[in-house]
Structures are given as C-alpha cells and as structure tokens.
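This is what each chain is made of:
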Amino acid sequence: MKLEMQGIHKRFGEKEILHGVSFSVESGKALGLLGRNGAGKTTTIRILMDVFRADNGTITLDGSPFKASEQKMGYLPEERGLYPKKTVIDQMVYLARLRGISKAEAKKNSLRWLKRLELEQYETKKLETLSKGNQQKVQLASTLVSDPDIVILDEPFSGLDPVNAQILKDVVNELIAEGKIVIFSSHQMSYVEEFCEDIAIINHGEVVLSGRLSEIKKEFGHNQIVLNADNYTPQKLSELLSASFGDAVTVNKVQKDGCIMQCIGSSRRELLKRLADSDIEIERFEAYKPSLNDIFIAKVGEEA
Amino acid sequence: MKKLKTVLGFELSNYLQNKTFLITSLLIVVVIAVVMFLPRFIDMSDMLGTGDAAGSAEESAGDDDGEEKTYVIYDKTGAFSKTAVLEESFPGSKWKTAKSADEVKKQVNSQKASAGFVVNSLTEYEHFVHNKDLSDMDMVVFDELLAQAYRVSYCEEKNLPLDEVMNLVNVNVTGTEKILGKDMSESFAYCYILVIAVFMIIILYGIMIATSVTTEKSNRSIEVLVTSTTSNSLIFGKVLAGTIAAFVQVGLVLFAGVGGYAINYDYWGGKLDAVLHIPGNVLLVFGLFALFGFVFYASIYAAVGALVSKTEDINKTAGSVQMIIMIVYFLVLFQMSNIDGTIMKVLSFLPVSSYSAMYIRVAMGEVAAWEIIVSFAILLASTGLVGYLAAKIYRMGTLRYGNPISIRSAIRMLKNKSAE
C-alpha cells in the first residue's frame, strides 16, 4: 500500500494554514512527520483522519481516493484522553467496536494488547487509578486494538519512562515489520531517526524537506568528513590539521566526538593516506552525517 | 447503524452504572408501589375519607378539629344578644361578649379569642383575626347569619310573614349535570402533573446529555471518538440513550403509580382518579408528543455540549434553551384554565411547546384529529431538522476548544461554512 497526500490546502477563516502539503508513505515503512509547534502537523493528520476537510488537494491509497472511515486506522492523537471513570477493558472494547470489530474479537484483541504492553493486571481497573505512563500505554493499546493497517502516532513517547519507551519502541518496530504504514510525529528526533526511513518536515504549513532520511543526511553532510583520534583531543586535532594539513583540508567544526572537515585539493583516499603516515592514531574517519536534530534546526530554526 | 447501536449501548451502560440514577429510580418506584398497596393493609379511610367505599366504614364522630375555638363579639344592634345561634352556626365554638370594639381587638390581639366580630349595624360588621389561615370561613358564615338577622328585623318592621319571605329567598333548585364532552376538573390534576414531569425530564436529562458530550471534550477523548466513528453515531447514540433512560424512568414511575392504583382501585375508593385515572388515548398522545418533544430538546442540548469545553460552561450556552423551556412551561400551566384560547391553540402547534400543549388540549378540550396529526407532523419534521443541525454543530464544535460558543454563533458559522 502507498498512501499519498498531494497539494493539501486548508484554510480556517481568512488564514490559510496548509499551503499544499505533499508526502507519501508505503507499507512496512514509517514516515516521520516533523515540524515546530503550530507548523501544521496536527492539521495535516486531522485532514488525513477526515476530522477536517481539505480545501484543495488529494489523498490517495494505491492511486484510489482515500477515506479514513473505509480503512483500518489506528490514531493516537496528541491531545488524547479516555474515560477516567471507565475500566480499561470496557473502553478498549468500546473503541474497538466503534471501529467495526465484533465484541468477541474486541475483547480478545484488548487482552492481547494489554498483555503485550504489560498492562494485564489493570484490565478491570478504572483508568483514573493508573499512573500517567500506564494511561499512556492504555491509550496506545486502544489505538492498536482494532489491528489497523495504517497507524498514526502523534507524540507517542511523551510521558513514558525509559522502560515503557523501550516497550513502545519494540511495538513500533513490530508494526513496521508487519508491513503497516506508520506515520510518526514527534519532537523527539532520536525516535524518528530510529524508526523512520522517510521524513517530511513541515514549516509554516508547507513541506520544506522530505525524502529518504539517509539521503537527506548525506546531502546535509555536504561531502564533509568526521575525523577523531585516540591520541589527540578534537581541539588539538583541529589545530594540528590546520597547521600540517591546511593544504588538504579545512576544519569546519570541532565537536566533542571529532573534527568535521572538508577535503580541498585532494581526494579522501589521498588524505587518509597522509593522515595514516602521520602520528595521528585514527579512531574514526568517515563521511559526516548530521543528526536529524541538526537538519531540523538548519531547516526550520533559522527564523527562531 | 451498528456503530450507533454500540454508542447507544455504551451510553446506556453509563446510566446503569450511575449509582445515583439507579438508586433514585428504584427508590421512587418502590415508594410509589408501596403507597399504592397501603390501603390494602392499613385502614386509611380516615385519611382518605373513603369509609363507605372501602367497606370499612366507620362514622367519624365528634368535632373535626377536636379543639374548642373562642370567639368574642361586640354587637351594637342587639341581634346576637343570645349567643346560642352563634354557637350553633360555628360548631365547637365558645362565644364571649365584649363591651367595646377595642376590647374585641385586645382579646384577639392577646389571643384570648381566636377571632372577634364588631357588629355596627345589620348590614355592616368588622371581623378581627390574629393570623388568618387559608381555610378560614368565619366571614362567610357570619355574612349569612347577619343577613338572616337583617331579614328577620325587616319582616318584623314591615309586618311581613317571615316563613314566606324565607321560602322566597331560599328556593330549592334541583339540577342534574350531564357532561357530554370532557370534565376539565377530572383531567386538570393529571395534566398538571404530566406537564411538570415532562418539563423536569427535559431539563434534567438535557443537562445530562450536554454534560456527557462536554466531558468527552474536556477529557480529550473526543478526537479518538470522532476518528473512530461518525459524529452522527456519537450524537444520536447519546440522545437516544438519554431518551431511553428518561422514558424508562418515567415509565416505571407511571407504571408503579397507575398500575398499583388499578390493582388496588377498590381500596382507594376512586380517591386518586383525578391524578391516576388517565384515559388511554391521552396517555398515547402524551407519550408520542413527549417522546419527540424530548428528542427535539435533547438534540439541542447535545449540540450545546459540543459548543463548550468545560462542563461548568454548559449553562452559559444552554441559557437561551432553558429560557424557552421555562417560558413554555409557565405559559402552558397558566393557559390550562383557558384550554380553547388562541394562545393554547398556537402553543399546541409550535414544536417548542406542542409536547405539552397538545395532549393537554386532548385531555381537557376539543381537538380535531387533523389538528393532532398536523401538530405531530410539525414536531416530527422539526425534530428531524434540529437533529440534522445538532449533528452539524456537534461535528463543528467537537474540536473547538476555548470560550463557549453561543448557538446563534454556531448556526452563523455553519451558514458561512456552507456558503464557502
């Protein structure tokens, strides 16, 4: 399956919020939908979920018009909540049934997900008696209880401790492995880097960067190299490079894990040979790939 | 339809899990049922005045009140120089004579006498009482006594035969009433009670439905819900659940009352006919109009719930609806004594008021079948329209957080949206 959003426009009153948002995501892959607060991520997701209607643009699934109500969808919204006075199992079964699952299957799936998320002891407890993290896990279980083909997770890690975050990571990886379409929105870039093969960064209602994350990283690396040595600190290494290798490299940045430099006038192979012949004990010599965080800030953080 | 059923089931379970709702309903039903069976086990003839009918007649002897009342009189005319006639006309009373009007006033003020009379002439007197209760008939009795004294004095003065004059004044007329239509005095009580009952369930359950919608907004479960099913299923599931809960509750109370009364009819001696002997056709019209009238208002309340984000704000937006319901309630109650008047006729066709006005006209007045059909058709169409609008408002309002939106603003927004 391939889900595609093309040229989505949305206006609230006089103000246009989305100006032609486009991206696509395929089965067995996760798309990281990124953007600053108020960039238009939630509006985009709500249009996908048919909460809002787009003023313009198309959404297709394998080329055919897409309607959320006709698909098996699992949506974990950013603004989430369930019924605090109801038992965990009652609300999970209710939500599953609302999505068209039979009562027996809803019960079976609920128990399975409660077990998978290590919540089985809370089955008959009222939601309000659970900790915030466990309530968050019940919310996730409710999202997945109908065995959806398309899963949209908006900030799923907020409120989770490292142990619960690991459980959630495993679950998301399983979903991807099972061939689900996963759309993942988060401000925690490390999670996005971990799961998502593709990303789309939305800024002021338009996609400013999208594509394969590995390629984007390569592109944002600008052909730079990271060098680190066992016998020099990055700062000393930088000074040495500038003094002895100034004809071959320019040091652009010094980080705690090495120097980021650009080759000038020689190939990487030649540079590596010269470095190996010097007294530098090379610990790391590789193409520089910026973190998603760096890319995000570089792309949308300029006007902050 | 399946999803609507799911929402309906879930919402109904909320009512059933609400202990206050359950206990109150059961308690009312049990108390009414017990009261209806009481005359079967306890002799209530004194309380009900049904000695004959219940077959356990025991004439009540002695004074009704049991307490002797003291009166004081200052008579300038001398017509009541002997107080025996007064004691005879005021059963269980003791009369004292005073020497002046002031003495009468003092005795009444100090409560040495329950009441006092100052007779200035045979056509004019003053009545003094410390605190007058609602059932005080002293003046009515005294009017007749003084009028009689005047007649006696007049006949003596004019030398007229008193007996003949009295026969002329007090002619015995025999009249037999045959009611061919409806006796309003018979249906007034149950109509009154049913108006109050419908008013109460609309207000009570309306707020419960609005609260149920707003709670889903305030606990942020609404986004999960509207993306899991249609907003129509959500709103109408709630409205229907509220309707079923309300009518089951009222139905059980009515069943306990009317059913218990029917079973024990002989023991009650027909004493509660005015309240519980409701004709089937009136109950049917009441049921249908009350049902759709309820759905009409419940849909509005559900829309109101979607327009606010906090339950404490519901009354701000619901104010105008509550006002309409209150105005209708008082208008209908006040117009019950003028059942065939224009106002009642108009009220019986307006969808905001026909739910109570029409069955009252059926119970107490003359209504053509076409009037009932037209009024019901208007109510049905209006309920459909209000339901449609409520669903639109619900869809629009569910994800709007912040300040409450008035119903008028919401309709304006819908208009603008459809014009775009």
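To start, this report covers the structure provided alongside it.

All right, on to the overall build of chain A then. Tallying secondary structure elements over chain A gives ten helices and 14 strands in all. Expressed along its principal axes, the backbone C-alpha trace of chain A runs to roughly 75 × 45 × 35 Å. For chain A, the residues scored as buried account for 49% of the 304 residues in total. Considering only residue pairs separated by 6 or more positions, chain A has 67% of its internal contacts joining residues 24 or more positions apart. Surface exposure of chain A reaches about 14,100 Å², of which carbon and sulfur atoms provide 46%. Here chain A holds 41 positive side-chain charges and 44 negative ones, and the gap between their average locations is 6 Å.

What follows covers the sheet that holds strand 1 (residues 2-12) of chain A. Residues and elements named next belong to chain A. Spatially, 2-1-4-5 is the arrangement adopted by the four strands of the open sheet, whose pairing is antiparallel. Looking at strand neighbours, the two that pair on one side only are strand 2 (15-26) and strand 5 (64-65), the edges of this open sheet. Pairing analysis gives five bridges linking strand 1 to strand 4 (residues 56-61), with the strands arranged antiparallel. Each bridged residue has a counterpart across the sheet, and for E4 the counterpart in strand 4 is T60.

Looking now at the interface of chain A and chain B. At the junction of the two partners, chain A supplies 22 residues and chain B supplies 23 residues. Between chain A and chain B, roughly 2,200 Å² of surface is buried when both sides are summed, and carbon and sulfur atoms account for 56% of that area. Our count for the chain A to chain B interface comes out at two salt bridges. A salt bridge links A:R46 to B:E223, with the shortest nitrogen-to-oxygen separation between them at 2.7 Å. At the boundary of chain A and chain B, one finds 13 residue pairs in polar contact (both at pLDDT 80 or more). A total of five residues in the side of chain A that touches chain B trace back to one element, the largest contributor, which is helix 2 (residues 88-98) of chain A.

Structurally, A:K137 is set in helix 4 (residues 132-144). A:K137 has contacts with A:L117, A:E118, A:L119, A:L160, A:N164 and A:I167, leaving out every residue within four places of it along the chain.

This part takes up a negative patch on the surface. A cluster of like negative charges, contributed by A:D230, A:D279, A:E281 and A:E283, occupies part of the molecular surface. Of the residues examined, A:D230 reaches a relative accessible area of 58% and is grouped as exposed.

Here we take up the environment of B:V7. Mapped onto the fold, B:V7 is located in helix 1 (residues 2-16). Given a relative accessible area of 0%, B:V7 falls into the buried group. For B:V7 and B:L240, which are 233 residues apart along the polypeptide, the C-alpha to C-alpha distance reads 9.5 Å. Filtering out sequence-adjacent residues up to four positions away, B:V7 remains in contact with A:Y94, A:L98, B:S233, B:L234, B:G237 and B:K238.

Taken across its eleven residues, helix 16 (residues 354-364) of chain B has eleven buried, putting it largely inside the fold. The secondary structure elements touched by the buried residues of helix 16 of chain B are helix 8 (184-218), helix 13 (280-306), helix 14 (314-334), helix 15 (342-347) and helix 17 (369-397) of chain B.

Reading guide: rules and limits
- Residues numbered from 1 in each chain as written.
- Chains lettered and ligands numbered in written order.
- Predicted model: local features only at pLDDT ≥ 70, side-chain atom pairs only at ≥ 80, totals over all residues.
- Heavy atoms only, no water.
- Helix = DSSP H or I, 4+ residues; strand = E, 2+ residues; numbered from the N terminus.
- Buried < 20%, exposed > 50% of the residue type's maximum accessible area, 1.4 Å probe, protein only.
- Contact = heavy atoms within 4.5 Å.
- Areas by Shrake-Rupley, 256 points an atom, 1.4 Å probe, with all protein chains shown as cover.
- Lys, Arg positive; Asp, Glu negative; His and termini not counted.
- Charge placed at Lys NZ, Arg CZ, Asp CG, Glu CD.
- Pairing = 2+ DSSP bridges.
- Buried area = accessible area lost by both parts, 1.4 Å probe.
- Salt bridge = Lys/Arg side-chain N within 4 Å of Asp/Glu carboxyl O.
- Polar contact = N/O pair within 3.5 Å; in protein donor to acceptor, adjacent residues only side chain to side chain.
- Patch = residues over 30% accessible without salt bridge, like charges linked within 9 Å, V, L, I, M, F, W, Y side chains within 5 Å.

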